[in-house]
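# A structural walkthrough
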Amino acid sequence: MQRLKAALATAPWPGRLAFTLVMAALAGEAAALAHVPLPWMIGPLLVSAALSLRQWPLQASPRLRDVGQWAIGTTLGLYFTPAVLAAMLGFAWAIGVGVVWALALGYAFYRFLAWRHRDEPGLHPGAAFFAAAIGGASEMALLAERHGAQVDRVAAAHSLRVLMVVSLIPLAFQFSGLHGLDPSPPAVREVHGDGLAVLVGLTVAAGLLMRRLDLPSPFVLGALAVSMGLTGSGIVLSALPLQLVNAGQLFIGVALGTRFTPAFWHRAPRWLASVALGTLGMIMLSAGFACALAWATGLHPATLILGTSPGGIAEMSITAKVLQLGVPTVTAFHVLRYLAVLLATGRLWRWEARRLQARAG
């Protein structure tokens, strides 16, 4: 094994990438055979993280991660049939409440991190603020950089939060039997060659356009917008092949897992412990909030637990798909929350910075 590790360390990046994908595929297959929920994401994620922590020279690919996000965005859009969109109008207010909850929960997490690390010299308060926001890791890291906060702390916090949410919630649902309780079938299940070519062309073009415009999460949101627009208009082209969807999950799992290098854990162990503790608290608080919202809306609690959880769009929405738990509802909650957090976080930080200055002065 040491010889293989040494050979990989000197191999060109295509060789390291091929090894990483093979190991991830084996882990995904093993997880599927073991009936692990979300096997093609959780298996590759965990094996990539474990090997990276053991200093194996793995290689991830941002382009393959984009392919994974495109596949998931396209697949999720196929659930938004005209009937589903009409039904969702009845609980649009609940999505708005979910957005407010996410902002409030993120602020509470920030105050927890700031309190835990109040005596740490040199820690910029913005690091805790942007680390706690329940939004995209890259977008929050960019905001932290603009405001002079420690980017590595922010990126580490988001990576650990997503890892914990993606691993714990599906496993908890699997063990409790919470799956198949709120099924929302996609508009089409069959793959049609001509329709698939058109669907791929339109959704990829949307992702490329959003990336050119420097918009956030371009491939998942661009593909989702086009696929949802077509399906909601009653235009049914094709489903994506299951193998492509599984490969998309694998690519995202590898992208997440390879972030967990030894340097990641050694950088600030007390900070990561605080993030882990706070993330567990957010998961439990969100579960309680979801049950209360389920009582008010009549939606299934398991669907709303996924919809209000502090995870990412792609990860939580694909979890809903695999477990058959209200895919359109979960996707709508996460997409609108993501956009709201992205638009509001910078302004909220400016208000918080003024509050801190006034208290210090």
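This write-up is about the structure you can find in this document.

## What to know about a nonpolar patch on the surface
A cluster of nonpolar residues, Leu168, Leu280 and Met284, forms a patch on the protein surface that exposes about 290 Å² of accessible area. In this fold, Leu168 is placed in helix H9 (residues 151–176). On the accessibility criterion, Leu168 (39% relative accessible area) is partly exposed.

## Section: the packing of helix H10 (residues 193–212) against helix H11 (residues 218–232)
Across the interface, H10 lies against H11 with an axial gap of 7 Å and an inter-helix angle of 135 degrees. What the angle tells us is that H10 and H11 run oblique. As H10 packs across H11, the resulting crossing turns out to be right-handed. Side by side, H10 and H11 meet where Leu199, Leu202, Thr203, Val204, Ala206, Gly207, Leu208, Met210 and Arg211 of the first sit next to Pro218, Phe219, Leu221, Gly222, Ala223, Val226, Ser227 and Leu230 of the second. Partitioned by chemical class, the residues of the contact of H10 with H11 number 12 nonpolar, 4 polar and 1 charged.

## Describing helix H4 (residues 62–77)
Its 16 residues give H4 an end-to-end C-alpha distance of 23 Å, which sits within 8% of 22 Å, the value for a rise of 1.5 Å per residue. Along H4, the residues that are buried comprise Asp66, Gly68, Gln69, Trp70, Ala71, Ile72, Gly73, Thr74, Thr75, Leu76 and Gly77. Residues of H4 that are buried make contact with helix H3 (39–53), H10, H11, helix H12 (242–257), helix H16 (313–323) and helix H17 (327–360).

## Quick word on the pattern of salt bridges
Side chains that differ in sign of charge can pair as their charged atoms come close. Inspection of every chain in the model, using the stated rule, returns 5 salt bridges. Close ionic contact of Arg153 with Glu120 constitutes a salt bridge, the shortest N to O distance being 2.4 Å. Here Arg153 is found in helix H9, whereas its partner Glu120 is found in the loop between helix H6 (92–116) and helix H7 (125–132), with 33 residues between them in sequence. Of the residues examined, Arg153 reaches a relative accessible area of 14% and is grouped as buried. The partly exposed category is assigned to Glu120, whose relative accessible area is 23%. Linked through salt bridges whose partners overlap, the residues forming this network are Arg63, Arg65, Asp66 and Arg211.

## Remarks on the environment of Gly193
Note on placement: Gly193 falls in helix H10. Between the C-alpha atom of Gly193 and that of Leu237, which follows or precedes it by 44 residues, the distance is 9.1 Å.

## Details of the packing of aromatic side chains
Any aromatic ring pair is given by two values, namely how distant the centres are and how the planes are angled relative to each other. On inspection of all chains with the given rule, the structure shows 8 aromatic pairs. On the basis of an interplanar angle of 10 degrees and a centroid distance of 5.7 Å, the ring pair of Phe19 and Trp56 is categorised as stacked. Taken as a pair, Phe19 in helix H2 (residues 13–33) and Trp56 in the loop between H3 and H4 lie far apart in primary sequence, 37 residues in all. What makes Trp56 buried here is its relative accessible area of 10%. With centroids separated by 5.8 Å and ring planes inclined at 55 degrees, the aromatic side chains of Phe130 and Trp349 adopt a geometry described as tilted. Here Phe130, found in helix H7, pairs with Trp349, found in helix H17; they are 219 residues apart in sequence, far enough to count as distant. Take Phe130 and Trp349: they sit in the same class, and that class is buried. The structure contains a cluster of three or more aromatic residues connected by ring pairs, namely Tyr107, Tyr110, Phe129, Phe130 and Trp349.

## Considerations on unusual backbone geometry
Peptide bonds are, in most cases, trans, and in most cases residues other than glycine have a negative phi. The phi angle at His35 is positive, at roughly 60 degrees, despite the residue not being glycine. Relative to the elements of secondary structure, His35 occurs in the loop between H2 and H3. In the Ramachandran plot, Gln55 falls in the positive-phi region, its phi being about 70 degrees despite a non-glycine side chain. Within the secondary structure layout, Gln55 lies in the loop between H3 and H4. For Gln55, a relative accessible area of 57% gives the class exposed.

## What about the nonpolar core?
In terms of nonpolar packing, the biggest core is built from 91 residues, with Leu113, Leu160, Val166, Phe173, Trp271 and Leu306 touching the most fellow members. Of the residues forming this core, the biggest block, 11 residues, is contributed by H9. Sequence-distant contacts of Leu306, defined by excluding residues within four places in its chain, comprise Ile169, Phe173, Met316, Thr319, Ala320, Leu325, Val330 and His334.

## Points about H6
Under the 1.5 Å per step criterion, the end-to-end length of H6 is 36 Å for 25 residues, consistent within 8% with the ideal 36 Å. All of the buried residues in H6 are Ala94, Ile95, Gly98, Val99, Ala102, Leu105, Gly106, Phe109, Tyr110 and Leu113. Lining the buried residues of H6 we find helix H5 (82–88), H7, helix H14 (269–297) and H17.

## Some details on the packing of H14 against helix H15 (residues 301–308)
Two numbers describe how H14 lies on H15: the axes approach to 8 Å, and their chain directions differ by 130 degrees. Taken together, H14 and H15 sit at an angle that is classed as oblique. Judged by the sense of rotation from one axis to the other, the crossing of H14 with H15 is right-handed. Contacts between H14 and H15 involve Ser286, Ala287, Phe289, Ala290, Cys291, Leu293, Ala294 and Thr297 from the former and Pro301, Leu304, Ile305 and Thr308 from the latter. Classifying every residue of the contact of H14 with H15 by side-chain character gives 9 nonpolar, 3 polar and no charged.

Rules used in this analysis
Residues numbered from 1 in each chain as written. Predicted model: local features only at pLDDT ≥ 70, side-chain atom pairs only at ≥ 80, totals over all residues. Heavy atoms only, no water. Patch = residues over 30% accessible without salt bridge, like charges linked within 9 Å, V, L, I, M, F, W, Y side chains within 5 Å. Areas by Shrake-Rupley, 256 points an atom, 1.4 Å probe, with all protein chains shown as cover. Salt bridge = Lys/Arg side-chain N within 4 Å of Asp/Glu carboxyl O. Helix = DSSP H or I, 4+ residues; strand = E, 2+ residues; numbered from the N terminus. Buried < 20%, exposed > 50% of the residue type's maximum accessible area, 1.4 Å probe, protein only. Axes fitted to C-alpha atoms, helices over the stretch in contact; angles between N-to-C directions. Parallel < 35°, antiparallel > 145°, perpendicular 65-115°, else oblique. Left-handed = near helix turned anticlockwise from the far one by under 90°. Contact = heavy atoms within 4.5 Å. Nonpolar A, V, L, I, M, F, W, Y, C, P; charged D, E, K, R; others polar. Expected span 1.5 Å × (residues − 1). Phe/Tyr/Trp six-rings, centres within 6.5 Å; stacked < 30°, edge-to-face > 60°. Core = buried A, V, L, I, M, F, W, Y, C linked by side-chain atoms within 4.5 Å.

Coordinates in, geometry out; function isn't part of it.
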